[in-house]
Amino acid sequence: MAQRITWGLAWDIARRDLLDLWRSKMLLFFFILFPILLMSMFGYIYPPVPKSNPNTGTIATAFPNLPVSIVQMDNGQAANQVAAQFIQISRQQGLFAVSESPSFQAARNQLVAGSLKGIIVIPEGFSNDLDSRQPATVQITVDETNPTTASVVQSEISAIFNIIGSQISNQNISAMDPGNSVNPSFVIQPISVTQEPLIRGTSSSFQFLAPGFMALTVITGSLQGVATAISREKEQGTMDGLLVAPVPHQSIILGKVAAQTVRGLIQGFLILGLSMILFGVQIYGSPVIMVIVLLLGTASFVGVGIILTAVAPDQETAQMMTVLLQFPMMFISGILFPIDQLPVWMQYIGKALPLYFAADALRKVIILNASLSVIMPDVIILVIYTFLTMTIALPLFERAMRR
Amino acid sequence: MTLQRTELGSLTGNAIETHGLTKKFNNFTAVDNVDLSVHRGEIYGFLGPNGAGKSTTIRMLCTLLAPTSGSAVVDGYDIVKQGDDVRKRIGLVSEKMIMYPRLTALENLMFFGRLYRIDRDTLRKRSEDLLELVKLTPFKDKLVGGFSSGMRQRVNVIRAILHDPDILFLDEPTTALDPQSTRFVRDLVKELRQRGHTIVLTTHIMEEADELSDRVCIIDHGKVMAVNTPAGFKERYNTNSLLEVFLELTGRELRDSANGRISMRAPMGRS
């Protein structure tokens, strides 16, 4: 049947679907709540990466005032001075709540019990080493049952001792070179590294996450929406009302897809807006190109939704199938973490999914202000996916509807 | 490109004409070689026990189901080759109500009417006239989700005739309605025949078939058992009740069958 798409009918069908959402206040509430929840949850799972500035001696932290304890085994003047400095810097910058423990064993018990996150032991002979012009050592122990906190504590303690250490070096060099003919930094750290940022401002992991989440929400939202909407209407019997009228099937599909895409876009931009307000994500690219990428991403995947509707016997099964499809896609399409972190064979699967290309293109647009020509490879692949899936989906839909 | 009405349809002038119409679901033959002819302007009672093939036949005639073999001409057009022409000329009231609960009565009518490309002004006028006909004008701006089954069915029936179809299929239109609504819908069906619609009516209520039908077709196991007027049937079987005729023709044992189609596509033929 060579029927042409009737745009007016598709528009009527789409508008009715959206009206349906608007009329159900409860559904609307959860529709808006979902992206808010998603975004804030991941906001706290992935805290913004703090940036320290070695030049000004500041250390930023995502975990302020963690409890640590100092075990002072040396009663020399140098040891006491270092401990006092450590406490002062920790307090000043809000890094640690520092207590003192009488012995390592006592501190260790507290750490095992969970009331301490780290132990700093200043060993016997510490002052002696420094006084006799030898490098001295402090020993740290962290709670290794929690790797994230452990690595934060470890790197922050090291950073504080670096600051204390370079102060001592400065004093030592000044003492050896009374005329100040040498810049102390030349001795301590002759080469320093500065970074020229790819993008203006500060970056956080949200800058990476937000575009991915946006693509994920819009694309899988429309995918699931289309599958659910069509099978629900089939089950309720209202699909008969559409099919018994002289309406081209393409108009029905287009109408359903359009309504779900609008819903997806609303949720996607909610996510973007929230991540801007709550987590300081900045947009450098054009919103128009963003919408184009999202529309293409949706188009590339919506055929899969139609195929699922055609194959699934009812709404419940269709829904289960879409969830099963979405869930792994979330992890292997480079949405939650960079795809390079995956084993190579999994990367191949991830890169075979259109979501990867949509998220990749969107990230480039949002973060790097990429133009359409820069993301053209992604765009072409998405267009190919659209044609492939639609070629399979349309005849299947046709058959399923008249079965 | 629109094809001309097929010769057969225009020659006989019948509203519906089928030849060897057959529908198989895997190994199960739901409709078996059925020949029907429905005259223009009549109410055609289409009766049969559960699983006899009534709804499957109707869904094929409405182009909602593709026949396995055989042919059917509806209002002069072939249901397979000229589906769109058929669809323009038929209306369907199926077992499941075709309406959206979160739309008002008028919005539902406007939505479904637009599918037939009726212009908005004409459609609004017609919807309001029909709402008046079924006495729902005071409720036209209320969501149908809050309607009683009787009210919903009245909206459902006028939804099917918005585009003034030549042929109207009514699949058990009074099932689950209270006596008042049943009376109202039956009178409405008569009124629609007066207005010139051809009506195919399926029902399990024999008094309804008796009261409304000009002719009755009894079908069982996918095959046509007999066609006659209600009076003709009663005379032939020497009884006052169409129910006795029906039981005589289709037997008295219960029809419990499970052919494995229950969980398949939603509202497929089940009677």
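Residues numbered from 1 in each chain as written. Chains lettered and ligands numbered in written order. Predicted model: local features only at pLDDT ≥ 70, side-chain atom pairs only at ≥ 80, totals over all residues.

A. Representation of the packing of helix H4 (residues 105-114) of chain B against helix H6 (residues 149-160) of chain B within the structure. Residue and element names in this part refer to chain B. Here H4 crosses H6 at 25 degrees, and the two axes come no closer than 10 Å. Accordingly, the angle class assigned to the pair H4 and H6 is roughly parallel. Between H4 and H6 lies a crossing of right-handed hand. Only Val-155, Ile-158 and Arg-159 of H6 make contact with H4, whose side of the interface consists of Ala-105, Asn-108, Leu-109 and Phe-112. Taken together, the residues of the contact of H4 with H6 sort by class into five nonpolar, one polar and one charged. (Axes fitted to C-alpha atoms, helices over the stretch in contact; angles between N-to-C directions. Helix = DSSP H or I, 4+ residues; strand = E, 2+ residues; numbered from the N terminus. Parallel < 35°, antiparallel > 145°, perpendicular 65-115°, else oblique. Left-handed = near helix turned anticlockwise from the far one by under 90°. Contact = placed C-beta atoms within 7 Å. Nonpolar A, V, L, I, M, F, W, Y, C, P; charged D, E, K, R; others polar.)

B. Layout of the pairing of strand S2 (residues 28-38) of chain B. Residue and element names in this part refer to chain B. The pairing of strand S1 (residues 16-25) with S2 spans seven bridges and is antiparallel. Across the sheet, the residue bridging to Ile-16 is Val-38, located in S2. Taken together, S1 and the strand that follows it, S2, pair antiparallel across an intervening segment of two residues, in which Asn-26 is found at a positive phi of about 50 degrees. (Pairing = 2+ DSSP bridges.)

C. Spotlight on the interface of chain A and chain B. The partner chain B presents 26 residues to the 24 residues of chain A that form the contact. Of all the secondary structure elements, the ones that give two or more residues to the side of chain A that touches chain B are helix H1 (7-23), helix H8 (205-236) and helix H9 (238-243) of chain A. Considered class by class, the residues forming the side of chain A that touches chain B number nine nonpolar, five polar and 10 charged.

D. Fine view of the sheet that holds S1 of chain B. Residues and elements named next belong to chain B. Pairing within the open sheet is antiparallel, and its four strands lie in the order S2-S1-S4-S5. Since the sheet does not close on itself, it has two edges, and those belong to S2 and strand S5 (77-78), each with one partner. Docked against the sheet, helix H2 (residues 54-61) engages S1, S2 and strand S4 (69-74), running at close to 115 degrees with respect to S1.

E. Region of interest: the nonpolar core. Within the largest apolar cluster, 144 residues are counted, with the highest numbers of intra-cluster contacts made by Ala-215, Val-293, Ala-358 and Leu-362 of chain A together with Val-74, Phe-169 and Val-200 of chain B. Contacts of Val-74 of chain B, omitting those with residues within four sequence positions, involve Ile-16, Leu-61, Ile-79, Val-86, Ile-90 and Ile-167 of chain B. Ala-83, Val-98, Ile-120 and Ile-122 of chain A belong to the second-largest nonpolar core, a separate cluster that totals 27 residues. (Core = buried A, V, L, I, M, F, W, Y, C linked by C-beta atoms within 7 Å. Buried ≥ 20, exposed ≤ 12 C-beta atoms within 10 Å, placed from the backbone.)

F. Examining the domain arrangement of chain A more closely. If you check the domain split of chain A, you get domain 1 (7-46 + 204-401) and domain 2 (66-168). Averaged C-alpha coordinates put domain 1 of chain A and domain 2 of chain A at centres separated by 50 Å. (Domains from an automatic or database assignment.)

G. Local environment of H4 of chain B. H4 of chain B sits mainly inside the fold: nine of its 10 residues count as buried. Within H4 of chain B the residues assigned to the buried category are Ala-105, Leu-106, Glu-107, Asn-108, Leu-109, Phe-111, Phe-112, Gly-113 and Arg-114 of chain B. Against H1 and H9 of chain A together with helix H5 (120-133) and H6 of chain B lie the buried residues of H4 of chain B.

H. Region of the structure containing the sheet that holds strand S6 (residues 90-93) of chain B. Residues and elements named next belong to chain B. Spatially, six strands are ordered S6-S7-S8-S3-S9-S10 in an open sheet, and the strand pairing comes out mixed. The outermost strands of the open sheet, each flanked by one partner alone, are S6 and strand S10 (223-228). Direction aside, neighbouring strands of the sheet carry axes that sit 15 degrees apart on average. Pairing geometry for strand S3 (residues 43-47) and strand S9 (residues 215-220), over four bridges, is parallel. Note on S9: the bridge partner recorded for Tyr-44 is Arg-215. Contacts from H2 reach S3, strand S7 (167-171), strand S8 (198-202) and S9, with the element oriented near 150 degrees to S7. Of the strands in this sheet, S3, S7 and S8 are in contact with helix H7 (residues 179-194), which crosses S8 at around 150 degrees.

I. Geometry of unusual backbone geometry. Residue and element names in this part refer to chain B. One non-glycine residue, Thr-63, lies in positive phi territory at about 70 degrees. Within the secondary structure, Thr-63 sits in the loop between H2 and S4. On the basis of neighbour count, Thr-63 is assigned to the buried category, with 25 C-beta atoms found within 10 Å. A positive phi is found at Ala-176, a non-glycine position, where the angle reads about 70 degrees.

J. Region of interest: the packing of helix H11 (residues 287-311) of chain A against helix H12 (residues 315-332) of chain A. Residue and element names in this part refer to chain A. It is at 9 Å that the axes of H11 and H12 come closest, and there the two elements cross at 140 degrees. Between H11 and H12, the crossing angle belongs to the class labelled oblique. Judged by the twist between their axes, the crossing of H11 over H12 is right-handed. In this structure, H11 contributes Gly-305, Leu-308 and Thr-309 to the contact, and H12 contributes Ala-318, Met-321 and Thr-322. Broken down by class, the residue content of the contact of H11 with H12 amounts to three nonpolar, three polar and no charged.

K. Here's a closer look at the confidence of the model for chain A. Averaged over all residues, the pLDDT of chain A is 85; the fraction at 70 or higher stands at 92%. Within chain A, H9 of chain A carries the highest mean pLDDT (94), whereas helix H7 (residues 184-188) of chain A carries the lowest (79). (pLDDT = per-residue confidence, 0-100.)

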